[in-house]
Amino acid sequence: MYLNTPPRRTIRLTRRGRLVLIATGAVVAGTAVAVPLLSLDSEGEPDKPTALVIPEGWRAGQIYDAVDKALTLPPGSAKKSLAKANLKLPNDAEGNPEGYLFPATYPLAEKATPESLLSYMVDTANKKFNGAPIAAGAQRNSMNVYQAVTIASIVQAEAATKADMGKVARVVFNRLERGMPLQMDSTLNYALNRSTLRTTSDDTRIDNPYNSYMRMGLPPTPIDNPGEDAMRAAISPTPGDWLYFVTVKPGDTRFTADFAQHQRNVAEFNAQQKGGAGAQTKPAR
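Overview of the structure.

Criteria and cut-off values
Residues numbered from 1 in each chain as written. Predicted model: local features only at pLDDT ≥ 70, side-chain atom pairs only at ≥ 80, totals over all residues. Heavy atoms only, no water. Helix = DSSP H or I, 4+ residues; strand = E, 2+ residues; numbered from the N terminus. Buried < 20%, exposed > 50% of the residue type's maximum accessible area, 1.4 Å probe, protein only. Contact = heavy atoms within 4.5 Å. Areas by Shrake-Rupley, 256 points an atom, 1.4 Å probe, with all protein chains shown as cover. Arc of directions from axis to C-beta. Phe/Tyr/Trp six-rings, centres within 6.5 Å; stacked < 30°, edge-to-face > 60°. Axes fitted to C-alpha atoms, helices over the stretch in contact; angles between N-to-C directions. Parallel < 35°, antiparallel > 145°, perpendicular 65-115°, else oblique. Left-handed = near helix turned anticlockwise from the far one by under 90°. Nonpolar A, V, L, I, M, F, W, Y, C, P; charged D, E, K, R; others polar. Pairing = 2+ DSSP bridges. Polar contact = N/O pair within 3.5 Å; in protein donor to acceptor, adjacent residues only side chain to side chain. Salt bridge = Lys/Arg side-chain N within 4 Å of Asp/Glu carboxyl O.

**Digging into the overall build of the protein**
Moving on, step 1. Helix and strand content of the protein: 10 helices and 6 strands.
Moving on, step 2. Going through the 285 residues of the protein one by one, you find that 51% of them count as buried.
Moving on, step 3. Sequence separation of at least 24 residues holds for 66% of the intrachain contacts in the protein that already meet a minimum separation of 6.
Moving on, step 4. Summing over all exposed atoms, the protein offers an accessible surface of approximately 13,300 Å²; the carbon and sulfur share of this is 51%.

Listed below in structure tokens is the structure:
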């Protein structure tokens, strides 16, 4: 499989700063936990958290914010620490840890620093990604591990359910193999530092290396930090000829190789949106 990745010199990294926390038992902003619940000490002051939970699919910017919050540091501290963290990243990453801040629960030692936490995350990713199953699976699909992580990050962002991950990965492979642009809204959202269900025609024309409507091949870096399920899907995609998919409504993601059928599915999605139902757009060209 030929992966036509844009030249590295054109890369302009983006950062998503939205932080999502779980506080007093209620999920804020509708996503998974970041910093665990705090208890109160005998004087009524909140105890420091003892662990940091990184959910699957968070972007590096969200993780930096969570580290700052957990360590009660000024905003931006974790991101600034990258220069001295000496993270063990693959050469393709060019110092950008996106994709390698592995989602897991990390203990917060008394002397924890941003450098130690970020190093722990990257070391965990390397252990997960460089082992025989992932490395061999990437090679079997004619790609390196970094490309597999990039595909997994798209799968993580695009798949509505774990069951859909293998099919989403297959759409990515099928489009790459046919020389089609990926046309994934998730890469546009990364470029524009946002998360939205709606993509406009103007959005698809932006000049950005993460614009997979205009650029061929994979984006220059992962677009989030994928978990193990997404990684497994990236190296073992479900067999199929699908080229398009759209989540018409929650629990109803439709995959097809027929563009006309896809257009009908998209029309149904748009009707659901007008009616107020939640869904997520997928490749529509």
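We are not done yet, so read on.
**Things to note about helix α5 (residues 132-140)**
Moving on, step 1. When α5 is considered as a whole, its buried residues turn out to be Ile 134, Gly 137 and Ala 138. The buried residues of α5 occupy one face: seen down the axis, they fall within an arc of 100°. Exposed residues on α5 whose side chains face more than 90 degrees from its buried face are Ala 132, Gln 139 and Arg 140.
Moving on, step 2. Those residues of α5 hidden inside the fold are in contact with α4 (114-129), α6 (145-158) and α9 (228-235).
Moving on, step 3. With its phi angle positive at about 60°, Ser 142 sits one or two positions after the end of α5.

**Describing the packing of aromatic side chains**
For any pair of aromatic rings, the description rests on two quantities: the centre-to-centre distance and the angle between the ring planes.
Moving on, step 1. Applying the stated criterion across every chain, the model contains 8 aromatic pairs.
Moving on, step 2. The interplanar angle of 70° and the centroid separation of 5.0 Å between the aromatic rings of Tyr 106 and Tyr 120 together place this pair among those described as edge-to-face. On the criterion of sequence distance, the pair formed by Tyr 106 in strand β4 (residues 105-107) and Tyr 120 in helix α4 is long-range, its members being 14 residues apart.
Moving on, step 3. On the accessibility criterion, Tyr 106 (1% relative accessible area) is buried.

**Topic: the packing of α6 against helix α7 (residues 165-177)**
Moving on, step 1. Orientation of α6 relative to α7, taken along the N-to-C sense of each, is 130°, at an axis distance of 9 Å. One finds that α6 runs oblique with respect to α7. You can see that α6 and α7 cross each other, and the crossing is right-handed. Here α6 contributes Ile 151, Ile 154, Val 155, Gln 156 and Glu 158 to the contact with α7, which in turn contributes Met 165, Val 168, Ala 169, Val 172 and Phe 173.
Moving on, step 2. Its residues assigned to classes, the contact of α6 with α7 shows 8 nonpolar, 1 polar and 1 charged.

**A word on the environment of Phe 245**
Moving on, step 1. Examined against the element boundaries, Phe 245 turns out to sit in strand β5 (residues 244-249).
Moving on, step 2. The class for Phe 245 is buried, based on a relative accessible area of 0%.
Moving on, step 3. Linking Phe 245 and Lys 167, residues 78 residues apart in sequence, is a C-alpha distance of 9.1 Å.

**With respect to the packing of α6 against α9**
Moving on, step 1. Contact pair α6 / α9: the axes reach a minimum separation of 8 Å and the direction vectors enclose 120°. Relative to α9, α6 is oriented so that their crossing is right-handed. Side by side, α6 and α9 meet where Ala 148, Val 149, Ile 151, Ala 152, Val 155 and Gln 156 of the first sit next to Ala 230, Met 231, Ala 233, Ala 234 and Ile 235 of the second.

**Considering the pairing of strand β6 (residues 252-256)**
Moving on, step 1. Burial of β6 is extensive: 4 of the 5 residues sit out of reach of the surface.
Moving on, step 2. Here β5 pairs with β6 via 5 bridges, running antiparallel. What sits directly across from Tyr 244, in β6, is Thr 256.
Moving on, step 3. Taken together, β5 and the strand that follows it, β6, pair antiparallel across an intervening segment of 2 residues, in which Gly 251 is found at a positive phi of about 85°.

**Examining the side chain of Gln 183**
Moving on, step 1. Relative to the helices and strands, Gln 183 resides in the loop between α7 and α8 (185-191).
Moving on, step 2. Among the polar contacts listed, one links the side chain of Gln 183 to the side chain of Arg 175, at a separation of 3.0 Å.

**Some remarks on the pattern of salt bridges**
Moving on, step 1. Per the counting criterion, the structure on display carries 9 salt bridges.
Moving on, step 2. For Glu 115, the salt bridge identified is with Lys 84, shortest N-O distance 3.5 Å. Here Lys 84 lies in helix α3 (residues 82-85) and Glu 115 lies in helix α4, a separation of 31 residues in the sequence.
Moving on, step 3. When its relative accessible area of 17% is taken as the criterion, Glu 115 is described as buried.
Moving on, step 4. Residue classification places Lys 84 among the exposed positions, given a relative accessible area of 62%.
Moving on, step 5. The shortest N-O distance in the salt bridge between Asp 202 and Arg 205 comes to 2.5 Å.
Moving on, step 6. Of the residues examined, Asp 202 reaches a relative accessible area of 55% and is grouped as exposed.

**What about unusual backbone geometry?**
Moving on, step 1. We note that Asn 86 has phi near 55°; this positive angle belongs to a residue other than glycine.
Moving on, step 2. Position of Asn 86 relative to the elements: it lies in the loop between α3 and β4.
Moving on, step 3. Unusually for a residue other than glycine, Glu 94 sits at a positive phi of about 50°.
Moving on, step 4. You can call Glu 94 exposed: its relative accessible area is 54%.

On their own, these measurements won't tell you what the molecule is for.
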